[in-house]
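Examining the three-dimensional arrangement
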Amino acid sequence: MRIDILTLFPNMIEPVLNESMMWRAKAYKFVNINVIDYRAYSEDKRKTVDDTPYGGGAGMVLRVEPVIKALRDIDGHEDALKILMTPQGIPFTQTRAKTLSKNKHVIIMCGHYEGYDERIRDYFDVEVSIGDYVLTSGEVAALVVVDAMVRLIPGVLSNASSAEDDSFSNHLLEYPQYTRPRVFEGKAVPDILLSGHHQNIQSWRLEQSESRTKKRRPDLYQKYKESKEK
Ligand SMILES: C[S@@+](CC[C@H](N)C(=O)[O-])C[C@H]1O[C@@H](n2cnc3c(N)ncnc32)[C@H](O)[C@@H]1O
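For the rest of this paragraph, the subject is the packing of helix H2 (residues 20-27) against helix H5 (residues 139-150). Viewed as axis vectors pointing N to C, H2 and H5 meet at an angle of 60 degrees, and their least axial separation amounts to 10 Å. Classified by the angle between their axes, H2 and H5 sit oblique to one another. Here H2 runs over H5; the crossing is left-handed. Of the residues in H5, those in contact with Met21, Met22 and Ala25 of H2 are Leu143, Val146, Asp147 and Val150. Along the lines of polarity and charge, the residues of the contact of H2 with H5 split into six nonpolar, no polar and one charged.

Secondary-structure assignment places Thr48 in the loop between strand S2 (32-37) and strand S3 (50-51). We classify Thr48 as buried; its relative accessible area is 15%. When near neighbours in sequence (up to four residues on either side) are disregarded, Thr48 contacts Arg39, Ser42 and Arg63.

This part covers helix H7 (residues 198-216). Taking 1.5 Å as the rise per residue, H7 with 19 residues should run 27 Å; its terminal C-alpha atoms sit 27 Å apart, in good agreement. For H7, the set of buried residues is Ile201, Trp204, Ser209, Glu210 and Thr213.

Once that is clear, we can look at the domain arrangement of the protein. One frequent convention defines the size of an interface as the accessible area lost when the parts assemble. Taken domain by domain, the protein consists of domain 1 (2-150) and domain 2 (167-229). Each of domain 1 and domain 2 was reduced to a C-alpha centroid, and the two centroids are 36 Å apart.

In terms of burial, strand S6 (residues 105-109) is largely enclosed, as five of its five residues are buried. Residue alternation in S6 divides its side chains into two sets, His105, Ile107 and Met109 and Val106 and Ile108, and both sets are buried. Relative to S6, strand S1 (residues 2-7) is paired through five bridges, and the arrangement is parallel. Opposite Ile3, over in S6, you have Val106 as the bridge partner. Pairing analysis gives four bridges linking strand S5 (residues 81-91) to S6, with the strands arranged parallel. Note on S6: the bridge partner recorded for Leu84 is Met109. Handedness of the β-α-β unit built from S5, helix H4 (residues 94-100) and S6 comes out right-handed.

Conventions we followed
Residues numbered from 1 in each chain as written. Predicted model: local features only at pLDDT ≥ 70, side-chain atom pairs only at ≥ 80, totals over all residues. Heavy atoms only, no water. Axes fitted to C-alpha atoms, helices over the stretch in contact; angles between N-to-C directions. Helix = DSSP H or I, 4+ residues; strand = E, 2+ residues; numbered from the N terminus. Parallel < 35°, antiparallel > 145°, perpendicular 65-115°, else oblique. Left-handed = near helix turned anticlockwise from the far one by under 90°. Contact = heavy atoms within 4.5 Å. Nonpolar A, V, L, I, M, F, W, Y, C, P; charged D, E, K, R; others polar. Buried < 20%, exposed > 50% of the residue type's maximum accessible area, 1.4 Å probe, protein only. Expected span 1.5 Å × (residues − 1). Domains from an automatic or database assignment. Pairing = 2+ DSSP bridges. Right-handed = clockwise from strand over helix to strand, strands pointing away.

The following block contains the structure:
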């Protein structure tokens, strides 16, 4: 998979890409990630990428020319899936992460300032929001999308089943997990997990996932029940 990230703040992105799973995914060539500073595509002397809004109002607006010039300079941009990060986009979910992770080439645009010149929207295929709140700029949001997508590329996680069991994978939250010690301050690991009985452990985990989801996320539990009825 190839990912190009259009940003004004490469330094916010690079360090995250060089740690943990993301570093591993790049090192083992599961993904090739390029970070592009679209300020470099501004043609004025001061390399500005924003301007005041027509009609007046607070804040600055991201200009269309540098963004589209940077986008068109990306090899293969015509065929790539082009994602615009915005709080006005469709909500990002695990299901969407799974679908996106199947793309060969994804371009992600990080906004800044008060908003985009509306015409920028015409050059992107999908607008994605990571939640109903407003961040200062798109970098953190883009990293959320990249991380969730990349860990789903087959082979990236050393144990593929860990992604299958993750919360949201089947409309369920993950079951409780324990590791050593067996007892901590009087709190013991459930006996079933020490039984060595694989089938019973699986049933216990499913029950725990179901009851936890029902209690914490009734909306998700409803979807789970509906998916089971299909
Ligand atoms: C300060 S926000 C602009 C918000 C804009 N005024 C609005 O109400 O839609 C600047 C940039 O941060 C990013 N951003 C902020 N919140 C986001 C969210 N919840 N999901 C995705 N991107 C977000 C977007 O790239 C956005 O263009």
